[in-house]
Amino acid sequence: MKDFPHHLQFRPVRRQLTTYRQIHNAISLVINIVIFGGAAVLTGYLSEPGWWQLLLYIPAAWILIHHVVKMFIIPRQVRIHGWAEQADDILIRSGAIFRKYQAVPYGRLQFVVVTQGPLQRKYDLADVSITTAGSKAEILGLPTIEATRLRDDLSARGYARLAGL
Amino acid sequence: MSQPVQQQHSPEIPWSRVHPISPFVRSWSVLLIFGYVLTNLSLQTLRNIVESFELSIGQAILIFLGIVFIALLVAAGLYTIAWRFYQFRITADAVELHAGVVFRRRRYMRLDRLQAVDIDRPLFARLFGLSKLSLHAADGSEATLALEYLKATDAEQLRREILYLASGAQDDPQLDPMAESTTSETGPSAGHSPGAPAANPVTHPAAPAYPYAEYLSAYVQHNPRGLTEAVSPPPGVIPQQITQSRRAKNPPRELLTIPLSRVVGAGVVTGLGAGIASALWALIVGGFVLWLSARDGSNETLPFLIGGGIGFLLIVGFITIVTAFAQVNSNYNFTARTSDSGVRVLSGLLSTSSHTIPPGRIQAIQIYQPIAYRFFGWYRIQVSVAGYGLTDSSTTVLPVGKFNDVLIMLSVLAPDAGVERADELIYNALKYTSDDDGFTHVPSRARFWQPVAGRRHGYMTTPTLLLIRYAKLRRILAMIPHERIQQSTVHQSLSDKFSGTVSARFSTPPGPVRVNISNHEPEALIQLFFHEAEIAAHARRIKDKNKWMADEELENFEKTAIKAKAQGGDRA
Amino acid sequence: MDHENLPYRRVSPRLIPLRQINNAIGFGIFFLFLLIPLLIVQFVAPLFFTNSAAYLLYLLPAGVLVWGIVVACIIPRQVRAMGYLENRDDLVLRRGILFRNQVAVPYGRIQYVDIHQGPLQRAFGVTQISITTAGGGTASTFEGLPMVEAERLRDELTQRGFARLAELAEA
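These figures come from a predicted structure and were not determined experimentally. (Residues numbered from 1 in each chain as written. Chains lettered and ligands numbered in written order. Predicted model: local features only at pLDDT ≥ 70, side-chain atom pairs only at ≥ 80, totals over all residues. Heavy atoms only, no water.)

1. Section: the overall build of chain B
What chain B contains, in helices and strands, is 20 helices and 21 strands. Per-residue burial over chain B gives 49% buried out of 572 residues. Restricting the contact set of chain B to residue pairs at least 6 apart, pairs at least 24 apart contribute 58%. Of the roughly 26200 Å² of accessible surface on chain B, a fraction of 63% belongs to carbon and sulfur atoms. (Helix = DSSP H or I, 4+ residues; strand = E, 2+ residues; numbered from the N terminus. Buried < 20%, exposed > 50% of the residue type's maximum accessible area, 1.4 Å probe, protein only. Contact = heavy atoms within 4.5 Å. Areas by Shrake-Rupley, 256 points an atom, 1.4 Å probe, with all protein chains shown as cover.)

Right under this line is the structure:
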């Protein structure tokens, strides 16, 4: 989306998000390949041989392609991902290829959730998700302190601008 | 509400239970189960059962009735226990519920959270003069508190009380019915709306925050009643008498009724539509079966054809009648009213229902014209209300109406569009498509992705509304007040990537109205994104409030918002 | 996540035995559900077990058993990690040791509060409180408060929204 204004300053998420997501992606790849590849090998072993056995490997191949493509996209996604706290709303940018911009007015937020898994903790990453009455927006890979700060600030600003729903 | 119950927890306000005969009324549903079982067993099976026990017909009937009676007793017993443990009370600012025997449940809902109130009278309850009262908070489709059942008059009384308490009218001495006469020249203006901006000049939106200023001035011109709800109008703009007239209670007024002929007509048309659709399915399936049998080499296709033809007609007839009856049953005697407690729609033949939506609860509106309605110039209106969620029957506030009815309903559902001849605008938007009708269009390079809707899909903004038009065969026009937008999103999908366009979504609470714009020119849509983000952040303060009759609350919002803005500015 | 120094309130320690029982029942059923069919197959249709690889299938219930024991070991820490904090503007609910989760709900956003108590919970004197916000979202359910504390919290939550709003307006 070239037409999106350039003057907006988005704060980037932590660079370590790339590492974390690559590891996550690799683990997911291994698990999925073991499951689907293993299932294919087993079925092939137990059934009569034939050319159609190649079909059994389609899911595994698809998973492989999916993860490899993701591996190349992740660094770009992380570079693009960011947020901008404006006077009355928060802007979130995401998506390497399919770019997406979300604007959530502070006064609309219903609750904020901060989550952190064990691997994320190792890299000091936390995810923040902002829920409104009709939508949800997420910022992934903030430093823990920043996530807590954002959570408190969002709550406070939301509070001050509270109205209706 | 009958039978106050003593509770040590909070002795001031007694707990109540629903009407004591409710358990019996509810246990009638057991009969339905038996009826269902009976109708689904063939006579032969029944005879087999009777014979296997070596009973005479008379004995069998007696035993069957006995079983039904015992089942009824058991059900009534269980419902009675549940009834004893289902207690509620309404305090000055909240509804409380204690329910459950084994799994206990206590619910506490503040009354200013009220999104809608329904009174339903299912056929059985109606025979006993009972009603079901449901209160909805903004939690989706299920009723937050359902009182099954109350005496019809009690239910109405309770609804009146709840709406009065929820409106915040009692917080506002000017609106207290007891103190009605005090509404005088000195009353409201001194401490209320017009005073606030004078005391606090920051409120005046002099800064050229463009959409907000534009929005506000349009409000001043077109929506005087709405404006008195605003706390930060430019000083001197609201004439005194408007503030005064707001004080005058809004007397109940009948908006429209739908004549029986149209209800039946719409029922038949919709029924036929459903019938034809299912018949088409039957044709496809039947054709497939026929083809299979012909492949088998059997030559008896003629009886097949005759049988199929009769079956086909039966299916069409049956589905048409069932759908048409369901429609007529629910829309019979449809009436819409407006009053201080908001919009109320009533309808129903065997079972009746009445839905009350207080002011400021409507999140988005949609004018919908199914294909069948096009021949008659009929329309349907659906609304998104946070309390109703996706439930179909409650969200339809006009099941079938002429364009004029649409306008009447819009006058209470939607804010003034803020343009000259809004009626013309809406009519043309629904009926025609042209290059200069004010709506954007899907650019020709992206038409491939919108094969049916084509040029018709687009949006337009007025000072108060975002209008989005969808579909070509059916006609859909969604209207969403800017201040109702919860979140704005602009993104590029795969089809957008191919055609160099973008799409946007403006989220509202779950309901029948979707607000998605697909495959549009990037520049304009991104501008709309910012425009809406800005308006959504500011303008909601004008209209959004919980207690719709109390001004103080809104003033508070306004003050805190200014403070927050100052703080936010520091931070950002 | 930090905030360790903030005065989070803990839930009742009686939640630990309650969760242990629930966990034992849940995994017990799962375990038997896997084990019994295997035993039946082994003794009724022993042909299947001529292939010694079939015995590997017993790894499944064994795995479930181990998993259940691991969870049982974590439960006390899990319960101790649960906490809630009544901030100036919002209620923060915290839980989890490995996968940490914090939910912040501004007081004024609460649509209604439910307190649930099942028979087992009643025996251990704890409740489950759930907070619903607009748009069909249950922000959080939180187990382990005694009834008195749950009711106090509920009243606090619903009252605070308005007190805080008034305070902000006056300032």
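2. Describing the packing of aromatic side chains
The tally for this structure, following the rule as stated, stands at 13 aromatic pairs over all chains. Ring centres of A:F4 and A:Y101 lie 3.4 Å apart, and the angle between their planes is 5°; this geometry places the pair in the stacked category. Taken as a pair, A:F4 in the segment before β1 (11-12) and A:Y101 in strand β4 (residues 100-105) lie far apart in primary sequence, 97 residues in all. For the pair A:F4 and A:Y101, a shared accessibility class is recorded, and that class is buried. The rings of A:F4, A:F10, A:Y101, B:F529 and B:F530 are connected pair by pair, giving a single aromatic cluster. When the ring centre of A:Y123 is taken as origin, the NZ or CZ atom of A:K122, which lies over that ring, is 4.8 Å away. (Phe/Tyr/Trp six-rings, centres within 6.5 Å; stacked < 30°, edge-to-face > 60°. Lys NZ or Arg CZ within 6 Å of the ring centre and 35° of its normal.)

3. A closer look at the sheet that holds strand β17 (residues 465-470) of chain B
Residues and elements named next belong to chain B. Pairing is antiparallel in the open sheet, where six strands are placed in the order β15-β14-β13-β18-β17-β16. Of all the strands in the sheet, the pair left with one neighbour each is β15 (396-401) and β16 (458-461). Within this sheet the neighbouring strands show an average axis-to-axis angle of 15°, counted without direction. Across four bridges, the pairing between β16 and β17 is antiparallel. Residue Y459 lies in a different strand from β17, and its bridge partner there is I468. With respect to the sheet, helix α16 (residues 403-413) is in contact with β13 (362-369), β14 (379-385), β15 and β18 (475-481), its orientation differing from that of β15 by roughly 160°. Contacting β13, β14, β16, β17 and β18, helix α17 (residues 422-431) runs over the sheet at an angle of about 140° to β18. (Pairing = 2+ DSSP bridges. Axes fitted to C-alpha atoms, helices over the stretch in contact; angles between N-to-C directions.)

4. A short note on the environment of B:S394
Residues and elements named next belong to chain B. Looking at the element boundaries, S394 is found in helix α15 (residues 392-395). In this structure, the C-alpha to C-alpha distance between S394 and S384, residues 10 residues apart in sequence, is 9.7 Å. The contacts of S394, once residues within four sequence positions are left out, are D118, H355 and Y388.

5. Topic: the packing of α16(B) against α17(B)
Residue and element names in this part refer to chain B. Running from N to C, α16 and α17 point in directions that differ by 130°, and their axes come no closer than 11 Å. Between α16 and α17, the angle is such that the two are oblique. The way α16 lies across α17 gives a crossing that is right-handed. In this structure, α16 contributes F403, L407 and L410 to the contact, and α17 contributes D423, I426, Y427 and L430. Partitioning the contact of α16 with α17 into residue classes produces six nonpolar, no polar and one charged. (Parallel < 35°, antiparallel > 145°, perpendicular 65-115°, else oblique. Left-handed = near helix turned anticlockwise from the far one by under 90°. Nonpolar A, V, L, I, M, F, W, Y, C, P; charged D, E, K, R; others polar.)

6. Describing the sheet that holds strand β2 (residues 82-85) of chain A
As a general point, the strands of a sheet are linked pairwise by backbone hydrogen bonds and lie either parallel or antiparallel. Across the sheet, seven strands lie side by side as β1(A)-β2(A)-β3(A)-β4(A)-β19(B)-β20(B)-β21(B); this open sheet has antiparallel pairing. Looking at strand neighbours, the two that pair on one side only are β1 of chain A together with β21 (516-520) of chain B, the edges of this open sheet. With four bridges joining them, β2(A) and strand β3 (residues 89-94) of chain A adopt antiparallel strand pairing. In the strand pairing of β3(A), A:G82 is matched with A:R93.

7. Examining a nonpolar patch on the surface
All names here are of chain B. Together, L260, V264, V268, L272, I276, L280, W281, L283, I284, V285 and V289 make up an exposed nonpolar region whose accessible area comes to about 1000 Å². Looking at where L283 falls in the secondary structure, it is placed in helix α12 (residues 260-295). Relative accessible area serves as the criterion here: at 47%, L283 is assigned to the partly exposed category. (Patch = residues over 30% accessible without salt bridge, like charges linked within 9 Å, V, L, I, M, F, W, Y side chains within 5 Å. Salt bridge = Lys/Arg side-chain N within 4 Å of Asp/Glu carboxyl O.)

8. Some words on the pattern of salt bridges
Residue and element names in this part refer to chain A. Under the definition given, this model contains 26 salt bridges over all chains. A salt bridge links E146 to R149; the nearest nitrogen and oxygen atoms lie 2.5 Å apart. Within this pair, E146 and its partner R149 are both found in helix α4 (residues 144-160), separated by three residues, close to a single helical turn. Looking at E146, the relative accessible area reads 15%, which means it is buried.

9. Quick notes on a positive patch on the surface
On the surface, A:K2, A:R15, A:R76, A:R79 and B:K497 cluster together into a positively charged patch. A relative accessible area of 39% places B:K497 in the partly exposed class. (Lys, Arg positive; Asp, Glu negative; His and termini not counted. Charge placed at Lys NZ, Arg CZ, Asp CG, Glu CD.)

10. Quick word on the nonpolar core
Of all hydrophobic cores here, the largest spans 44 residues; its most connected members are B:I365, B:I367, B:M409 and B:L413. Three or more residues apiece are contributed to this core by two domains, here domain 1 (259-331) and domain 2 (361-544) of chain B. Aside from chain neighbours lying at most four places away, what touches B:I365 is B:I381, B:Q382, B:V383, B:L410, B:L413, B:A414, B:L477, B:A478, B:M479 and B:V513. Counting residues in hydrophobic clusters, the runner-up holds 31 residues, among them A:F4, B:Y470, B:A504 and B:F529. (Core = buried A, V, L, I, M, F, W, Y, C linked by side-chain atoms within 4.5 Å. Domains from an automatic or database assignment.)

11. Quick word on the packing of helix α2 (residues 29-40) of chain B against helix α4 (residues 57-84) of chain B
Residue and element names in this part refer to chain B. Two elements in contact, α2 and α4, have axes whose closest approach is 9 Å; the angle formed by their N-to-C orientations is 145°. Pair α2 / α4 crosses with right-handed handedness. In contact with S29, V30, L31, F34 and L38 of α2, α4 contributes F64, I67, V68, A71, L72, A75 and Y79. Of the residues belonging to the contact of α2 with α4, the class tally is 11 nonpolar, one polar and no charged.

12. Details of the confidence of the model for chain B
All names here are of chain B. Here chain B averages 76 in pLDDT, and 75% of its residues register 70 or above. In the model, residues 173-248 has pLDDT below 50 throughout and makes 116 contacts with residues more than four positions away in sequence or in other chains. In the model, residues 568-572 has pLDDT below 50 throughout and makes six contacts with residues more than four positions away in sequence or in other chains. (pLDDT = per-residue confidence, 0-100.)

13. Describing helix α1 (residues 15-44) of chain C
For α1(C), with 30 residues, the first-to-last C-alpha span of 43 Å sits near the 44 Å given by 1.5 Å per residue. Every buried residue of α1(C) is listed here: C:L15, C:I16, C:L18, C:N23, C:F27, C:F31, C:L35, C:L38 and C:Q42. (Expected span 1.5 Å × (residues − 1).)

14. Thoughts on unusual backbone geometry
Between B:E148 and B:Y149 the backbone carries a cis peptide bond, its omega angle lying at -10°. Tracing the backbone through its elements, the reader meets B:Y149 in strand β8 (residues 145-151). At A:D124, a position not held by glycine, the phi torsion is positive, near 55°. For A:D124, the location among the structural elements is in the loop between α3 (118-122) and β6 (126-131). With a relative accessible area of 29%, A:D124 lands in the partly exposed category.

15. Comments concerning helix α1 (residues 16-46) of chain A
Residues and elements named next belong to chain A. The terminal C-alpha atoms of α1, which comprises 31 residues, lie 44 Å apart, in line with the 45 Å expected from a rise of 1.5 Å per residue. Taken as a whole, α1 has its buried residues at L17, T18, Y20, N25, G37, A40 and G44. Buried residues in α1 make contact with α2 (58-80), α3 and β7 (136-142).

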